[in-house]
Amino acid sequence: MQNSSDLDQSIIHFERASDLCPMDHPHRPAALFNLATAKLVSCQANRTYLDLDIPLSLFQDTLDLRPTGHPDRPITQLHLAIAMLSRFAIRGCQIDADEAEELLWEVLDICHANSHIHRAALLAVETSALHPAGRTDTNGLGREQPAASILPLSPNQLAHLAKHCAGRDDPHALDEVISLHYDALGYYNAMHAYRGQLLGNLGVMLGTRFERRGNIQDLDRAIALHREALALRPVGHPDRPASFINLAAQLFTRFQHRGNDKDLDQSIALQKEALALCPVGHKDRSGSLNNLGAQLSTRFHHRGNNKDLDQAIALHREVLALRPVGHPDRSGSLNNLAAQLCTRFHNRGNDEDLDQGIALHREALALRPVGHLDRSGALNDLATQLYTRFKHRGNDEDLDQAITLQREAVALRLVGHPYRPGSLHNLATHLSARFKHRGNDEDLDQSITLYREALALCPVGHKDRSSLLGNLAIRLSTRFHHRGNDEDLDQGIALQREALALCPVGHISRSSSLNNLATQLSTRFDHRGNGEDLDQAIALQKEALPLHPAGHTDRSMSLQNFATRLSTRFQHRGNDEDLDQGIALHRESLALRPVGHSDRYMSLNNLATQLFTRFNHRGNDEDLDQAIALQKEALALCPVGHKDRSLSLNNLGTQLSTRFNHRGNDKDLDQSIALEREALALCRVGHIYRSESLNHLANRLVIRFDHRGNDEDLDQGIALYREALALRPVGHPGRSMSLSNLAAQFSIRFDHRSNDEDLDQAIALQSEALALRPVGHPYRSSSLNNLASHLSARFQHRGNDEDLDRGIALHREALALCPVGHKDWSSSLCNLASQLSTRFEHRRNEGDLTESREHLCCALILLTQHDPRQLRVNSSLADVYLSFYRSSPGPGEDTDSLDAAMYHLKAAANVVSAGLLSRLKAGLRWAHCADQHTHGTQLEAYATSMQLLDAYVSTTASVSARHKAVKNLPRTLAVDAASCALRSGDVRRAVELLEQGRTVIWTQMTRLRTPLDNLQTHGDHTVALREKFRDLSSLLDKPSANYTEGTPIVDVEAEEARYRRLVDDWNRAVEEIRKIDGFSRFLLPPLFLDLQDAARDGPIIVLIASKSSCNAIIIPHKQPPTNILLPINFERLQKLVLALGEARQKDRNVKGHQRALVTALTELWHDVVRPVVEHLGAFTRPGSRIWWCPTSLFNFLPLHAAGEYYGKHDGQFLSQLYISSYTPSLTALIQARRKHGKSSSVPFAAIGQNLPTGHSDTLHGVEPELELVRNLLPPPPTVSFTKVTSVNATKSRALHALRDNTWLHFACHGTQNYEEAFKSAFLMRDQPISLLDITRMDLSRHEFAFLSACETAVGDFHTPDEVIHLAAGLQFAGVESVVGTLWAVNDSTVQCLVEAFYRNLCGDGKMNSKRAARALSRAVQSLARDEDIPLDQRIVFMHIGI
């Protein structure tokens, strides 16, 4: 009988012996072997089969200490095999039997056949063959129940088996291990110590089977098991962190499969608990940090919460710190942190993140040198990020380096390597990108070849086959777009269909495969127009959407794709339902990306785009405004540095530009250009999207040129289009667009400057563009239209009939490609109509004219109320009706056609959205045609034109810019309007029109200095409005920035845009003021009754010179005005002006009789002045004052000097009859008479400069003249005298004196700048005081200025009615009374006249500026008695003002 106590005692002694033998003790193997044997015997004797794992483990440890060749190794192998067979007999684990068999055969091979060990091993082999263990049926998962007949394996044994299965793809073995786990769970109840470990192991194996087969029941069961295991491991249990990690991993897997947020949040919470159990210093802390970082990163990708991403990066940084240089896992941590930084770059666009990510990848690669097992992975990671940086910055070096790294990765992954297909795929992707960037066909072809090779390595059944099929299909589609080979497109679709077939219903990738096939079918639809393809694409998208139900991470993207296809179908069929449904889907997509979501900006952009499309379709302003608001929000989510900022800038710029075209608001256009400039700055040279950005900005600049007529915009636009074209060489898919754009601008510049080279180049470029757009190309109609227009322009320029006929043929073809309802149909109709009208004018075929009218009427009906193209159509219709009128049988018979022409010209001028410049040009044409044909709308046309001129000039930011704008417009607009009114007998209206259309520039400035003291008497509510008006006026009245050469254009444009915004605000303030009682006509063009007040102190004679007649209007203070038809016409007046100028030059400085000058002055008397004098007696007595208000050429005549100079005693002279003064306008005279408080002491400044910079001739008379003035003025306290002269007379000091003294006397050089009138100046020691400087000053309290300088009252021949000279400038700035000079003056003359003038002015000790005109008249008469003073010097001075 066996004594179990002896066995137990034996085990105790063997255990003690084992403890006394440390690891390196020579007898430790023997001690372990004896203990193992005793334990095995104990298990067999006591039938404690669950403890078999212990002797097995001891035998294994013994075997490890007895290597091959050890004399006791065979006996150890024998006993280990017997122990394994014992466990196999009990538990039926085939692995035990297999391993035991291997051990026994090894013993048989080593030992002699007659040895007892050999015989024992042979017996064991035979015994195991006779008694196989029972098996569990694993064919059905539902049968996995514990076998009751055998004892289960221990958790350690099962873990060993699980590890063995995880390393190989053997479905049968995996099912067997799972079955054994279920078997074991049947034996270990809830309280057993092994149960938690078994639950965890089984959960892991079920998770593995889910990953291999995709059965969601396995995943759900695994999660349930892990939850149970966690419950068995309470706080403090050593395996609790492992349970957290296992359960978190399976929940994370389920989230990836189903997209349920709860699973992801719970997984992260568990990972955080696991991390809390791994404090600083814990061996598993780095792994826990890594897991939590990875899942936070996933949640960021799902919800776009930046906190998650930032926390993930912080965790990965800590992991990296725990893995210093030399740590075996450092390279992996470097890669993980780099990946997260690159993710943050994609989200926020911070270059630092991208650069740091690449640096970390480089370090990781350095830790994996040639020969390292994971080098290929590090090469791939670094290449991917370099590729990302290339897409961001467009640096070719990054792309080339990425391709080089990918090539090395492919070389390291030879045929048979599991990751070779992935490397081939990545290299193919980068080569494809380089093709898009440089257009090298070799890269595209090689990319397709690599994709084909990768696909061949993934045969049917391979998990990556479907994705490779999709990628190869996409590249074939790219090649189709590049070369137009239908085979590529069809093959791509076939591959996408195969990819979809590999993703049956329920497959995780089915939705993406549906989307890819839909995209390719949509492309084929775009190419061939087969509606079946488009419908099928939409059906596929519709099927994809339910696969991403509410809550799914990809639902927003699926909604977006479906919406895009519906938008395409809308554009094809025009079904409003598709468009509305697409917008609804985009709205739902946006709702799934709330504020903070990383992809919100993309959804905002997509919805904005579709609303923009709907606006273009229906013209609903609300859609356009909402689209712009959404784009602005999208842009705000793409801050400086964001990878998509340039795209967002372009989109917003496009929509603002469209709103400008729709409503004509300059703010939108300026903002659009500013956005496009910023976008271009983000697309530096080499950037993949630079050509698109160049085109966008060029387009906006050309629109602004059309709107404002600034040549700089046109030239800059052409330069940008040239650069864009250079970036699109032959073969580039966008070349035709660039050719067309550049051609259009050359044509516009030809129209503007008439340079033949521009026109020929436009035709050549447009012809090339048309050749690149064969029949079927979506933009062929556009190219046809453009080329036809250029040919028509060349016909009109050179008269070649072939150009005209070919142009019409091209327009007809273009129209045929634009069916009714097409967005370009109205434009195409208009283009054809214009050319038919041109041909009618050339060949007089009435059929052409009739057809032209029909097309234009149809085009006009199609345009919406706010479409700016109405202006062009109306203008063209006016041309057609004028042609009908001119070709009628009898002259003037077809009045209906003439009326229709005027109606359409008027309509053109009133298209608000067309912009002020275009409307002004249309108004001027209306006025010209109405005047030419004496139509009843003449006066209305002139009034409209002048209102538009005023509005147009007010939008220019600087005085010089206003002057330039006025110079480019008809100089006789105001006088022609007045002449028209006179012909109709309306003298008062003539005066009003003159006042409205002249001195526009001065009027703009004086408006900004209008006092509003009366407004405060209307209550407190008007105080704020008055202050607002003053503040805005002050801001607008400030000098515009003086930009130096090289100033960034964006700064200049920003200032101009700011100015226009202020103008809009100012106009609104003025409208508010006009609503107040008594202010209804505030700053409106004055009425005649208001203007008549200018004649309070004497009659005003307005002289009008137009080509129809020359007139004088006498305006008395109370009586009706008198119109006098002068006996001179415009041509003779021109000759008189020339004769006068030549006479002064010819007889210059000649003493006595200057015959040519006398002749001219006498002619001036007979033809201009005497007819006026003959009527003046009815209004004023001789010797009184009169004021001349000359217009046009009359501005250049010395009216005050007219007289009969022939005969012994001469005849009548105006100067002997009346005292003449001048005024630039009636309003200027009214303003000069405004009373201000006079100081008791007159501050008088005498400013002289005898030797200014740049002049070698000294004015010797300056000092004596100033001293003479000092001596002639009353002494203090009547006059407070200041003298600024010589070296002290700098610009700065002179301006201070000008500002601080209300009486002024200038003695210096004066110059009139005929090219830039506002640069006319008084020359000081260092710098000149220009007319522009004077306009910037407030001289409203100043009383008098004597300008003893040359050419201070000479106007600008280009804009005579603007009266731009120094004397007028001082008056408009506020000086009441000014004495100036018409031409150069001699020192000797000045001395004589100054002395006579001041004696007459203040000889009695009184200072009164109203005496100036009479004092000057008497001084000039005193000079007449001195025969030594030439006539031209006696009449050089003239008086302006009160």
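Each chain carries its own residue numbering, running from 1 in the direction its sequence is written. Reporting in this predicted model follows two pLDDT cut-offs: at least 70 for local features of residues, and 80 or more for side-chain atom pairs to be given and counted; totals over whole chains, interfaces and linings ignore these cut-offs and use all residues. With hydrogens and water excluded, all non-hydrogen atoms of the structure serve as input to the side-chain values.

1. Comments concerning the overall build of the protein
Strands are runs of DSSP state E lasting at least 2 residues, helices are runs of H or I lasting at least 4, and numbering of each runs from the N terminus. If you tally the helices and strands in the protein, you get 60 helices and 14 strands. Note on contacts: a residue pair is in contact if any heavy atoms of the two residues lie within 4.5 Å. Nonlocal contacts in the protein, meaning residues at least 24 apart in sequence, comprise 67% of its contacts between residues at least 6 apart. For the accessible areas, the method is Shrake-Rupley and the probe is 1.4 Å, while residue cover comes only from the protein chains on display. Here the protein displays about 62,200 Å² of accessible surface, and carbon together with sulfur accounts for 52% of that area.

2. A word on the nonpolar core
By size, the foremost hydrophobic cluster in this structure holds 109 residues, and its most contacted members are Leu1126, Val1169, Trp1188, Phe1322, Leu1370, Phe1397 and Tyr1398. Here this core takes 11 residues from helix H51 (residues 1155–1176), the largest share from any one element. Residues within four places of leucine 1126 in sequence aside, it is in contact with Leu1103, Cys1110, Asn1111, Ala1112, Asp1167, Val1168, Pro1171, Val1172 and Phe1194. Judged by nonpolar contacts, the second largest core, of 80 residues, contains Leu832, Ala833, Leu863 and Ala927. The set of buried Ala, Val, Leu, Ile, Met, Phe, Trp, Tyr and Cys residues whose side-chain atoms join them within 4.5 Å is what this entry labels a nonpolar core. Three exposure classes are used, based on accessible area relative to the maximum for each residue type with a 1.4 Å probe and protein chains only: buried under 20%, partly exposed in between, and exposed over 50%.

3. Section: the pattern of salt bridges
The term salt bridge refers to a pairing of a side-chain nitrogen on Lys or Arg with a carboxyl oxygen on Asp or Glu at a separation within 4 Å. Using the criterion set out here, one finds 77 salt bridges in the structure. Between aspartate 1404 and arginine 1411 there is a salt bridge, with the nearest N and O atoms lying 2.7 Å from each other. Each of Asp261, Asp265, Arg299, Arg303 and Asp308 takes part in salt bridges that share partners, so that together they form one network.

4. Some words on the sheet that holds strand E11 (residues 1329–1330)
Strand pairing in a sheet relies on backbone hydrogen bonds. The paired strands run either parallel or antiparallel. Read across the open sheet, the three strands follow the order E9-E10-E11; overall the sheet is antiparallel. Both outer strands of the open sheet, strand E9 (1310–1311) and E11, are each paired with one neighbouring strand and no more. Strands are labelled as partners when DSSP assigns at least two bridges between them. Inspection of the sheet shows strand E10 (residues 1321–1322) paired to E11 by two bridges, in the antiparallel sense. Note that in E11 the partner of alanine 1321 across the bridge is serine 1330.

5. Comments concerning unusual backbone geometry
In this structure, the amide linkage connecting proline 1276 to the following residue, proline 1277, adopts the cis form with an omega of 5°. Mapped onto the elements, proline 1277 comes out in the loop between helix H54 (1262–1272) and strand E7 (1279–1284). In this structure, serine 754 takes a positive phi of about 65° despite not being glycine. Phi angles above zero are rare outside glycine, and serine 1192 is one such case at about 50°. Tracing the backbone shows serine 1192 in the loop between strand E4 (1185–1190) and helix H52 (1214–1217).

6. What to know about the packing of helix H37 (residues 825–843) against helix H38 (residues 846–862)
Angles shown run from 0 to 180 degrees and are taken between the N-to-C directions of axes, each axis being a line fitted to C-alpha atoms and, for helices, limited to the stretch in contact. Packing of H37 against H38 leaves a shortest axis separation of 8 Å and a crossing angle of 155°. Regarding the angle of H37 to H38, the classification is roughly antiparallel. For the crossing formed where H37 meets H38, the hand is left-handed. Touching Trp825, Ser826, Leu829, Cys830, Leu832, Ala833, Ser834, Leu836, Ser837, Arg839 and Phe840 of H37 are Glu846, Asp848, Leu849, Glu851, Ser852, His855, Leu856, Cys858, Ala859 and Leu862, all from H38. When describing relative orientation, an angle under 35 degrees is termed roughly parallel and one over 145 degrees roughly antiparallel, while 65 to 115 degrees is termed roughly perpendicular and anything else oblique. Definitions for this section: a left-handed crossing has its near helix turned counterclockwise from the far helix by less than a right angle. A right-handed crossing has that turn clockwise.

7. Quick notes on the side chain of histidine 1309
Looking at the element boundaries, histidine 1309 is found in the loop between strand E8 (1303–1307) and E9. Note on histidine 1309: relative accessible area 12%, which makes it buried. Residues in contact with histidine 1309, not counting those within four places in the same chain, are Gln1249, Pro1252, His1255, Asp1257, Leu1259, Ala1321, Phe1322, Leu1323 and Ala1349.

8. A look at the packing of aromatic side chains
Each Phe, Tyr or Trp ring (for Trp, its six-membered ring) is paired with any other whose centre lies within 6.5 Å, and the angle between the two planes then decides the class: stacked below 30 degrees, edge-to-face above 60, tilted in between. For the coordinates displayed, the defined rule picks out 11 aromatic pairs. When the ring of phenylalanine 1306 is compared with that of phenylalanine 1322, the centres are 4.3 Å apart and the planes differ by 10°; the resulting orientation is stacked. Of this pair, phenylalanine 1306 sits in strand E8 while phenylalanine 1322 sits in strand E10, placing them 16 residues apart in sequence. Overall, phenylalanine 1322 belongs to the buried group, its relative accessible area being 0%. When the ring of phenylalanine 1346 is compared with that of phenylalanine 1437, the centres are 5.5 Å apart and the planes differ by 40°; the resulting orientation is tilted. You can see phenylalanine 1346 sitting in strand E12 (residues 1344–1348) and its partner phenylalanine 1437 sitting in strand E14 (residues 1437–1441), a full 91 residues away along the chain. Classification of phenylalanine 1346 as buried rests on a relative accessible area of 0%. On the basis of relative accessible area, phenylalanine 1437 is assigned to the buried category, the value being 2%. An aromatic cluster of three or more residues is present, and its members are Phe1244, Phe1281, Trp1303, Phe1344, Phe1346, Phe1397, Tyr1398 and Phe1437. Throughout this description, the term charge over a ring refers to an Arg CZ or Lys NZ atom that lies within 6 Å of the ring centre and within 35 degrees of the ring normal. The residue whose ring lies beneath arginine 1233 is tryptophan 1187, and the NZ or CZ to ring-centre distance is 4.9 Å.

9. Observations regarding the pairing of strand E13 (residues 1377–1381)
Where a strand is regular, its side chains alternate between the two sheet faces. With five of its five residues buried, E13 lies for the most part within the structure. Side chains of E13 alternate between two faces, with Ser1377, Val1379 and Thr1381 and Val1378 and Gly1380 buried alike. Looking at chain direction, E12 and E13 are connected through three bridges and run parallel. Bridged to phenylalanine 1344 within E13 is serine 1377.

10. Here's the deal with the pairing of E7
Where strand E6 (residues 1242–1248) and E7 come together, six bridges link them in parallel fashion. Considered in E7, the bridge of valine 1242 is made with valine 1279. Look down the strands so they point away from you; if the path from the first strand over the helix to the second goes clockwise, the crossover is right-handed. What joins E6 to E7 is H54, and the crossover it makes is right-handed.

11. Some words on the side chain of serine 1225
Mapped onto the elements, serine 1225 comes out in the loop between strand E5 (1219–1222) and helix H53 (1226–1232). Serine 1225 sits in the buried class, given a relative accessible area of 3%. Apart from the residues lying within four places of it in its own chain, the contact partners of serine 1225 are Glu995, Arg998, Thr999, Cys1189 and Phe1372.

12. Some thoughts on the packing of helix H41 (residues 916–932) against helix H42 (residues 938–954)
At a minimum axis distance of 8 Å, the contact between H41 and H42 shows a crossing angle of 155°. By the angle class used here, H41 and H42 are roughly antiparallel. Our pair here, H41 against H42, has a crossing hand that is left-handed. Where H41 abuts H42, its residues Leu916, Leu917, Arg919, Leu920, Gly923, Leu924, Trp926, Ala927, Ala930 and Asp931 lie against Gln938, Glu940, Ala941, Tyr942, Thr944, Ser945, Leu948, Leu949, Ala951 and Tyr952. Classifying every residue of the contact of H41 with H42 by side-chain character gives 13 nonpolar, four polar and three charged. Lys, Arg, Asp and Glu make up the charged group, whereas Ala, Val, Leu, Ile, Met, Phe, Trp, Tyr, Cys and Pro make up the nonpolar group; the residues left over, Gly among them, are polar.

13. Remarks on the environment of valine 1158
By secondary structure assignment, the location of valine 1158 is in helix H51. Residues valine 1158 and alanine 1202 lie 44 residues apart in sequence; the distance between their C-alpha atoms is 9.1 Å.

14. Quick word on the environment of serine 1422
One can find serine 1422 in helix H59 (residues 1412–1424). Among the residues examined, serine 1422 registers a relative accessible area of 24% and is labelled partly exposed. Between the C-alpha atom of serine 1422 and that of cysteine 1392, which follows or precedes it by 30 residues, the distance is 9.0 Å.

15. Quick word on helix H9 (residues 195–213)
For a helix, the expected span equals 1.5 Å multiplied by the number of residues minus one. With 19 residues, H9 ought to run about 27 Å at 1.5 Å a step, and its terminal C-alpha atoms sit 27 Å apart, in line with that. Within H9, 14 of the 19 residues are buried, which leaves the element mostly enclosed by the surrounding structure. Looking one or two residues past H9, glycine 214 carries a phi angle of roughly 80°, positive in sign.

16. Things to note about helix H22 (residues 486–501)
Every α-helical turn comprises 3.6 residues, leaving residues that sit three or four positions apart pointing alike. Between its first and last C-alpha atoms H22 spans 23 Å; for 16 residues at 1.5 Å apiece the expected length is 22 Å, and the two agree. Among the residues of H22, Asp488, Leu489, Gly492, Ile493, Leu495, Gln496, Ala499 and Leu500 are the ones counted as buried. Projected down its long axis, H22 shows its buried positions confined to an angular sector of 160°, all on one face. Along H22, exposed side chains directed more than 90 degrees from the buried face belong to Glu487 and Ala501. The inward-facing, buried residues of H22 contact helix H20 (441–456), helix H21 (465–483), helix H23 (510–528) and helix H24 (531–544). Along the arc lie the directions from the helix axis toward the C-beta atoms.

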